[in-house]
Amino acid sequence: MEISRLRTSNHSAYRLYYHLVLSMKYRHKCLTGPMLERLEEMLRDLLFRWGGELVEFGGEADHVHLLFEVPPTVKPSDLVKNLKSVTARRMRKEFAAELAPYYWKPYFWNRAYALISVGGRASIETLLRYIENQDDPRKLGQPLN
């Protein structure tokens, strides 16, 4: 995957990357290596179904990090809600025995999450300077006819 290239659709060009952090309910340290591998598979498939792509995945026993790209038509809050509900349901089913000591109710993810938009190669400061230095039509004279 080439990070710097723009994706296109009928009338737009975009590059929208997000960093999502999901933590376990009560921050229980219950995720194992096989669970993390299975989560990555599930998330890759779900993001593909939303028209997106999982760029990078990593995690520890009590939380996971995702770097992914989705088209501008995707509402991030709806996507996160879907990712959390589907993976929680599947993980509780597939790893019921391993999760039983931690969750006696149908819990998996913490209700809260962190979702951060990720810029391209330019930092926010660079973009601010670029926009500030645009030719402001209010400062220009009349256009040439």
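Heads up: the structure comes first, above all this text.
Throughout what follows, the structure given in this document is the object of discussion. If you're wondering where the values come from, they're calculated on a predicted model, not measured in any experiment. (Residues numbered from 1 in each chain as written. Predicted model: local features only at pLDDT ≥ 70, side-chain atom pairs only at ≥ 80, totals over all residues. Heavy atoms only, no water.)

Quick word on the overall build of the chain
Counting its secondary structure elements, the chain contains four helices and six strands. Secondary structure elements of the chain occur, N-terminal to C-terminal, as β-β-β-α-β-β-α-α-β-α. Counting across all 145 residues of the chain, residues that qualify as buried make up 30%. A total accessible area of about 9,900 Å² is found for the chain, and carbon and sulfur atoms account for 54% of it. (Helix = DSSP H or I, 4+ residues; strand = E, 2+ residues; numbered from the N terminus. Buried < 20%, exposed > 50% of the residue type's maximum accessible area, 1.4 Å probe, protein only. Areas by Shrake-Rupley, 256 points an atom, 1.4 Å probe, with all protein chains shown as cover.)

Let's talk about the packing of helix α1 (residues 33–49) against helix α2 (residues 76–94)
For the pair α1 and α2, interaxial distance at closest approach is 10 Å and the crossing angle is 140°. With respect to α2, the axis of α1 lies oblique. The crossing of α1 and α2 is right-handed. Residue-level inspection shows M35, R38, L39, M42, L43, L46 and L47 of α1 in contact with α2, the latter providing L79, N82, L83, V86, T87, R90, M91 and E94. (Axes fitted to C-alpha atoms, helices over the stretch in contact; angles between N-to-C directions. Parallel < 35°, antiparallel > 145°, perpendicular 65-115°, else oblique. Left-handed = near helix turned anticlockwise from the far one by under 90°. Contact = heavy atoms within 4.5 Å.)

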